[in-house]
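Observations on chain architecture
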Amino acid sequence: MKIREYSKFTIPLCIAVGMAFQSCKSEGKKFSDTTAESVVLTHEGFRLKKGAVSSSFRIPGELIANQQVDIYAKVSSFVQKLLVDVGTEVKQGQLLVTLEAPEISSQLAGAESRLKSFEAVYLASKSRYDRVLKTSETPGTISQNDLDMAFAAQQSDLAKWESAKAAYQEVMDAKNYLEIRAPFSGVITSRNVSTGAYVGPSGRGSEQPLFTLQEQKKLRLVVNVPELYAYTMKKSNVVEFTVRSFPGKVFKAEVSRLAGALDDRLRAERVEMDVTNPDGELLPKMIAEVTIPINTDGNSYAIPQSAILNSTLGTFVIKMENDRTLWVPVNVGRSGGDIIEVFGDLNDSDILLKSVSEEIRDKSPVKVEITE
């Protein structure tokens with residue numbers, strides 16, 4: 001009897017509590033949905049416009065001497081006297097070494113003797129022709145044939161004299177080769193002979209140069225610019241570079257020469273920059289780290305990197321359209337600092353969100369505060 005009375009009061013109570021709970025749950029859900037629909041987040045945005053992206057890339061380069069020459073002996077001879085050594089700074093035209101070749105002195109004496117002999121013969125034939133020519137002025141004294149023969153003999157002797165002059169000059173030139181002078185101002189960087197050594201144009205004694213001369217007051221910075229960036233290189237562009245010998249010190253150079261073609265091996269363009277080096281602190285063969293600036297033409301859209309959304313679906317920017325978001329797929333180009341190029345279905349004055357994440361879903365209602 002007690003059990004029945006307990007059930008009589010308990011069941012209606014449970015039903016009432018359940019209905020109240022269900023009512024509260026429904027009201028809570030309705031309140032939550034209403035709140036969610038009424039909250040619209042505000043994001044910072046900007047108007048899309050075209051602009052230039054300035055960036056740079058680093059590439060290794062090599063410093064070489066502005067001029068370099070290996071100096072050899074022109075004639076077979078012996079080293080008589082060395083006037084310079086490794087590290088000697090020389091001026092253009094300065095005497096570097098004197099050579100000795102006794103046979104050249106003999107050849108010069110013989111050539112000089114022949115020159116004087118032919119000169120004497122020519123002067124004699126010229127004198128004879130002049131006398132015959134003067135006598136022929138009197139009619140009937142000299143025949144025309146004799147006059148022509150005298151003139152021909154004079155011209156023949158003149159030709160022999162000119163030939164002797166050339167032979168003498170040839171020996172003189174060979175003798176001048178016994179004195180070797182600097183073709184330009186620079187520094188002697190190697191010496192491969194000593195006094196008394198045999199040198200010559202061929203055979204033993206010519207395997208190595210006498211000296212190597214380099215111009216170091218002015219150097220060339222050589223880089224091979226890849227095909228992707230070759231179009232950015234223009235004459236008079238200024239680049240910066242560093243070398244390991246001077247950590248933290250930045251040097252500058254101006255683009256002076258461009259190959260104008262790509263090589264077969266690297267598919268890169270050879271570019272040379274002139275580097276002034278008055279104190280000689282930079283040396284040829286140093287490896288340089290070159291920073292080359294890249295400037296775009298300004299015909300593409302440049303946006304902050306924070307406006308790029310990289311998701312598993314691709315790369316997007318978020319555009320505002322009818323107060324709702326629209327994920328627009330894009331391709332990115334060059335970047336510089338906080339700016340990056342984008343390419344896609346975009347137009348001037350489109351409004352994009354400045355900072356994006358995957359939490360901002362496609363076609364979501366948002367408010368935008370536009371900042372320039």
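Residues numbered from 1 in each chain as written. Predicted model: local features only at pLDDT ≥ 70, side-chain atom pairs only at ≥ 80, totals over all residues. Heavy atoms only, no water.

1. Quick notes on the overall build of the protein
- In terms of regular secondary structure, the protein is built from three helices and 21 strands.
- Considering the protein as a whole, with its 372 residues, one finds that 33% of them fall into the buried category.
- Put simply, 75% of the contacts in the protein that link residues at least 6 apart link residues at least 24 apart.
- Taken as a whole, the protein presents about 23,400 Å² of accessible surface, with 52% of it coming from carbon and sulfur. (Helix = DSSP H or I, 4+ residues; strand = E, 2+ residues; numbered from the N terminus. Buried < 20%, exposed > 50% of the residue type's maximum accessible area, 1.4 Å probe, protein only. Contact = heavy atoms within 4.5 Å. Areas by Shrake-Rupley, 256 points an atom, 1.4 Å probe, with all protein chains shown as cover.)

2. Quick look at the nonpolar core
- Counting residues in hydrophobic clusters, the biggest one holds 26 residues, and the most contacted among them are Val97, Leu99, Leu210 and Phe211.
- Setting aside chain neighbours within four positions, we find Phe211 in contact with Val69, Asp70, Ile71, Leu82, Val84, Leu96, Val97, Ile188, Ser190 and Arg191. (Core = buried A, V, L, I, M, F, W, Y, C linked by side-chain atoms within 4.5 Å.)

3. Focus on the environment of Ser156
- With respect to the helices, strands and loops of the structure, Ser156 is situated in helix 3 (residues 144-176).
- Using a relative accessible area of 34% as the deciding quantity, one classes Ser156 as partly exposed.
- In this structure the C-alpha to C-alpha distance between Ser156 and Tyr122, which are 34 residues apart in sequence, comes to 8.2 Å.

4. Brief notes about helix 3
- With 33 residues, helix 3 should cover 48 Å at 1.5 Å per step; its first-to-last C-alpha distance of 48 Å lies within 8% of that length.
- Considered for burial, the residues of helix 3 that qualify are Leu147, Ala150, Gln154, Asp157, Trp161, Ala164, Val171 and Ala174.
- In this structure, the buried residues of helix 3 make contact with helix 2 (102-135). (Expected span 1.5 Å × (residues − 1).)

5. A word on the side chain of Glu272
- Structurally, Glu272 can be placed in strand 13 (residues 268-276).
- For Glu272, a relative accessible area of 9% puts it in the buried group.
- Among the polar contacts made by the side chain of Glu272, one reaches the side chain of Arg257 at a distance of 2.8 Å.
- When sequence neighbours within four positions are dropped, the list of residues in contact with Glu272 reads Arg220, Leu221, Val222, Glu254, Val255, Ser256 and Arg257. (Polar contact = N/O pair within 3.5 Å; in protein donor to acceptor, adjacent residues only side chain to side chain.)

6. Let's talk about the environment of Lys91
- Along the chain, Lys91 turns up in the loop between strand 5 (89-90) and strand 6 (95-100).
- Judged by relative accessible area, which is 60%, Lys91 ranks as exposed.
- For Lys91, the residues in contact, after removing those within four places along its chain, are Ala182, Phe184 and Ser185.

7. Points about the packing of helix 2 against helix 3
- At a minimum axis separation of 8 Å, helix 2 and helix 3 run at an interaxial angle of 160°. Compared by their axis directions, helix 2 and helix 3 come out roughly antiparallel. Crossing handedness for the pair helix 2 and helix 3: left-handed.
- In the contact of helix 2 with helix 3, the residues fall into 22 nonpolar, three polar and ten charged. (Axes fitted to C-alpha atoms, helices over the stretch in contact; angles between N-to-C directions. Parallel < 35°, antiparallel > 145°, perpendicular 65-115°, else oblique. Left-handed = near helix turned anticlockwise from the far one by under 90°. Nonpolar A, V, L, I, M, F, W, Y, C, P; charged D, E, K, R; others polar.)

8. Brief notes about helix 2
- Between its terminal C-alpha atoms helix 2 stretches 51 Å, which fits the 50 Å expected from 34 residues at 1.5 Å a residue.
- Along helix 2, the residues that are buried comprise Ile104, Leu108, Ala111, Leu115, Tyr122, Ser125, Tyr129 and Val132.
- Against helix 3 lie the buried residues of helix 2.

9. Focus on the sheet that holds strand 6
- Read from one edge to the other, the open sheet built from four strands follows the order 7-6-4-9, with strand pairing classed as antiparallel. On the outer flanks of this sheet lie strand 7 (179-181) and strand 9 (198-199), each paired with one strand and no other.
- Pairing between strand 6 and strand 7: three bridges, direction antiparallel. When the bridges of strand 7 are listed, Val97 appears paired with Ile180. (Pairing = 2+ DSSP bridges.)

10. Some thoughts on the packing of aromatic side chains
- With the rule as written, the count across this model stands at seven aromatic pairs.
- Ring plane angle 20° and centroid distance 4.1 Å describe the contact between Phe57 and Tyr229, whose orientation is recorded as stacked. Residue Phe57 is found in strand 3 (residues 54-71), and its partner Tyr229 is found in the loop between strand 10 (211-226) and strand 11 (238-243); the two are separated by 172 residues along the sequence.
- Taking the relative accessible area as the measure of exposure, Phe57 reaches 11% and is therefore buried.
- With 6.0 Å between their ring centres and 75° between their planes, Phe246 and Phe251 make a pair best called edge-to-face.
- We classify Phe246 as partly exposed; its relative accessible area is 24%.
- Taken together through their ring pairs, the aromatic side chains of Phe241, Phe246 and Phe251 make up a single cluster. (Phe/Tyr/Trp six-rings, centres within 6.5 Å; stacked < 30°, edge-to-face > 60°.)

11. Examining the confidence of the model for the protein
- The pLDDT averaged across the protein works out to 84; a share of 86% of its residues lies at or above 70.
- Considering only residues more than four positions removed or in separate chains, one finds that residues 1-21, a stretch of pLDDT under 50, has one contact.
- The model gives residues 23-38 a pLDDT under 50, and that stretch makes zero contacts with residues more than four places away or in other chains. (pLDDT = per-residue confidence, 0-100.)

12. Section: the pairing of strand 15 (residues 300-304)
- Within strand 15, five of the five residues are buried, which leaves the element mostly enclosed by the surrounding structure.
- As paired elements, strand 2 (residues 50-51) and strand 15 share two bridges and run antiparallel to each other. Its bridge partner being in strand 15, Gly51 is matched across the sheet by Ser300.
- Taken together, the four bridges between strand 15 and strand 19 (residues 339-344) define a ladder with antiparallel strand orientation. Bridge pairing in strand 19 links Pro304 to Ile339.

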